[in-house]
Amino acid sequence: MTRETTDRQVKELYAESDAASKRELESLANSISHFREMVHFAAECQGAQLPVSAQLERAAKRQQSRQRRMMLEWAVALALCVTAAIPATSYLRTQAAREEAQRQAQILQQREADTALLEQVTNELSESVPDSLQPLADMDNDYAKDQTYTKERTNGRN
Amino acid sequence: MASELPPIAREQAVLDLADFDEVVRLYRQRVFRFLLASLRDRDLAENLTQDCFLRAYMAREHFRGDSSLITWLMKIATNLIRDHLRSKRLRFWTKTRETALDPVDVSDWVPDERSSPEEDLIARTQVSHVWKAVGQLPAKQRTVFVLRFVEEMELREIAETTGMNPSTVKTHLYRALAAVRESMGGKL
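Residues numbered from 1 in each chain as written. Chains lettered and ligands numbered in written order. Predicted model: local features only at pLDDT ≥ 70, side-chain atom pairs only at ≥ 80, totals over all residues. Heavy atoms only, no water.

Chemist: Even after reading the chapter, I still don't get the overall build of chain A, so can you show me in this structure?
Modeler: Each helix and strand in chain A was counted, giving three helices and zero strands. Taken across its 158 residues, chain A has 13% of its residues classed as buried. Carbon together with sulfur atoms contributes 57% to the accessible area of chain A, which is approximately 13100 Å² in total. (Helix = DSSP H or I, 4+ residues; strand = E, 2+ residues; numbered from the N terminus. Buried < 20%, exposed > 50% of the residue type's maximum accessible area, 1.4 Å probe, protein only. Areas by Shrake-Rupley, 256 points an atom, 1.4 Å probe, with all protein chains shown as cover.)

Chemist: Help me understand the packing of helix H6 (residues 139–149) of chain B against helix H8 (residues 166–183) of chain B in this model?
Modeler: In helix packing, the relevant descriptors are the interaxial angle and the interaxial distance, both defined with respect to the helix axes. Residues and elements named next belong to chain B. As a packed pair, H6 and H8 sit with axes 8 Å apart at the nearest point and diverge in direction by 90 degrees. By the angle class used here, H6 and H8 are roughly perpendicular. Packed against H6, whose contacting residues are Lys140, Gln141, Val144, Phe145, Arg148 and Phe149, the element H8 presents Val169, His172, Leu173, Arg175, Ala176, Leu177 and Val180 at the interface. Class assignment for the residues of the contact of H6 with H8 results in eight nonpolar, two polar and three charged. (Axes fitted to C-alpha atoms, helices over the stretch in contact; angles between N-to-C directions. Parallel < 35°, antiparallel > 145°, perpendicular 65-115°, else oblique. Contact = heavy atoms within 4.5 Å. Nonpolar A, V, L, I, M, F, W, Y, C, P; charged D, E, K, R; others polar.)

Chemist: Would you explain the pattern of salt bridges in this entry?
Modeler: A pair can form between side chains of opposite charge whenever their charged atoms are brought close. Applying the stated criterion to the full structure yields 11 salt bridges over all chains. Across the salt bridge formed by Arg62(A) and Asp51(B), the nearest N and O atoms sit 3.0 Å from each other. Taken together, the residues Arg62(A) in helix H2 (residues 52–126) and Asp51(B) in helix H3 (residues 42–58) connect one chain to another. Judged on exposure class, the residue Arg62(A) and its partner Asp51(B) are both buried. Glu160(B) serves as the salt-bridge partner of Arg156(B), at 3.4 Å between the closest nitrogen and oxygen. Note that Arg156(B) and Glu160(B) are positioned in helix H7 (residues 155–162) at a spacing of four residues, about one turn of the helix. Taking relative accessible area as the criterion, Arg156(B) reaches 52% and is therefore assigned exposed. Given a relative accessible area of 28%, Glu160(B) falls into the partly exposed group. Beyond isolated ion pairs, a larger network of salt bridges with shared partners links Arg62(A), Arg66(A) and Asp51(B). (Salt bridge = Lys/Arg side-chain N within 4 Å of Asp/Glu carboxyl O.)

Chemist: Explain the packing of aromatic side chains here, please?
Modeler: The description of an aromatic ring pair rests on the distance of the ring centres and on the angle between the ring planes. Scanning the model with the defined rule gives four aromatic pairs over all chains in all. Their ring planes at 55 degrees and their centres at 6.1 Å tell us that Phe35(A) and Trp131(B) sit as a pair that is tilted. Placement of Phe35(A) in helix H1 (residues 3–44) and of Trp131(B) in helix H5 (residues 117–135) is noted, with the two residues assigned to different chains. The buried category is assigned to Phe35(A), whose relative accessible area is 0%. With centroids separated by 6.2 Å and ring planes inclined at 55 degrees, the aromatic side chains of Phe35(A) and Phe145(B) adopt a geometry described as tilted. Taken together, the residues span two chains, with Phe35(A) in helix H1 and Phe145(B) in helix H6. Each of the two residues, Phe35(A) as well as Phe145(B), counts as buried. A network of ring pairs unites the aromatic residues Phe35(A), Trp131(B), Phe145(B) and Phe149(B) as a single cluster. Geometry around Trp131(B) places Arg40(B) over its ring, the cationic atom sitting 3.9 Å from the centre. (Phe/Tyr/Trp six-rings, centres within 6.5 Å; stacked < 30°, edge-to-face > 60°. Lys NZ or Arg CZ within 6 Å of the ring centre and 35° of its normal.)

Chemist: Please explain unusual backbone geometry as it appears in this structure.
Modeler: All names here are of chain B. With a phi angle near 60 degrees, arginine 40 is a residue other than glycine that sits in the positive phi range. Of note, arginine 40 is situated in the loop between helix H2 (20–39) and H3. Of note in this structure, glutamate 152 is not a glycine but carries a positive phi near 55 degrees. Tracing the backbone shows glutamate 152 in the loop between H6 and H7.

Chemist: Honestly, the confidence of the model for chain A in this entry has me stumped. Any pointers?
Modeler: Low-confidence regions, as indicated by low pLDDT, have predicted coordinates that should not be scrutinised in detail. Mean pLDDT over chain A: 83, with 91% of residues reaching 70 or higher. The weakest mean pLDDT in chain A belongs to H1(A) at 78; the strongest belongs to H2(A) at 88. (pLDDT = per-residue confidence, 0-100.)

Chemist: Is there a simple way to think about the interface of chain A and chain B in this case?
Modeler: Many descriptions give the size of an interface as the accessible area lost when the pieces come together. Of the residues lining the interface, 31 residues belong to chain A; the matching set on chain B comes to 39 residues. In this assembly, chain A packs against chain B so that about 3500 Å² is buried in total across both faces, 62% of it on carbon and sulfur atoms. It is Phe35(A), Met38(A) and Leu56(A) in chain A that bury the most area against chain B; as a group they hold 18% of the surface buried on that side. Scanning the region where chain A abuts chain B turns up three salt bridges. In this structure, Asp51(B) and Arg66(A) form a salt bridge, with 3.5 Å as the shortest nitrogen-oxygen distance. If you look at where chain A meets chain B, you find 10 residue pairs in polar contact (both at pLDDT 80 or more). Every element with two or more residues in the side of chain A that touches chain B is listed here: H1 and H2 of chain A. Broken down by element, the residue count for the side of chain A that touches chain B peaks at 17 residues, all from H1(A). Of the residues assigned to the side of chain A that touches chain B, the class counts are 14 nonpolar, eight polar and nine charged. (Buried area = accessible area lost by both parts, 1.4 Å probe. Polar contact = N/O pair within 3.5 Å; in protein donor to acceptor, adjacent residues only side chain to side chain.)

In structure tokens, the structure reads:
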């Protein structure tokens, strides 16, 4: 294959591709042009038009009704929010009351436990002998009793 | 009315209360066409066209003539489309209208009176594909596409109408065209 042949082939290929792109673009332009014509035609196929004042009046009425509808929608939304908020508030309030009662009960329990502990401490403090030394004290008492008993017996004999 | 006035001054003068009928007569068709191509619903386009002129009438004091009257009206129409699409998203439970426009419905439309039935059919098929492809474009791209290819507005005017930068308009247009071209890929 000579260099000239290759160049010619490349040129032909380019020319073909160029022509294909051109055809495609022409077709696209044509389609868009038809699209424009069709839209123009569709827009022209309107029914009888109202006088301008009547058109503006209709638009104004529509605007008013739109505003009213919007207000109504906001009112409905607000009502729905309130309706949903009432049970939620009530639930939250009940929940809060329940938690408060539980807290109070806990405080009361704590207070009772504290009182009992304090009483126990007071009792233990008021004892003459600590619990740990009680056996010794008991032994001492027993010994004192024995001594008394012995003395009494001795005195009785005398 | 003074025909010697420059176009914008003449348009401003036309916006007088007494001449509002003239404004509607001059521009109603274009506004309606833009809304119809954007929303694809005849009744909705009709209602929004009326809303557009009502807004223009209410705000006529604020029209300073910085842009042409049609650009101002198209800007109002674009805002109405945006508001409508936003409220439609919020009102997802509302029914779809029955008056949606379909190119198949426009049976009286003849692409070219001299064309053969075969060419006629091809043209209708092409229109149907473009219509479908445009319908799938995102809202901004569709607006730019319709303003450029249906209303044949300049990029500068589209930028003024949509409130975008001219470069953003170009980007949207490029993407829209690419999407239409791609979706028509095998059908051209």
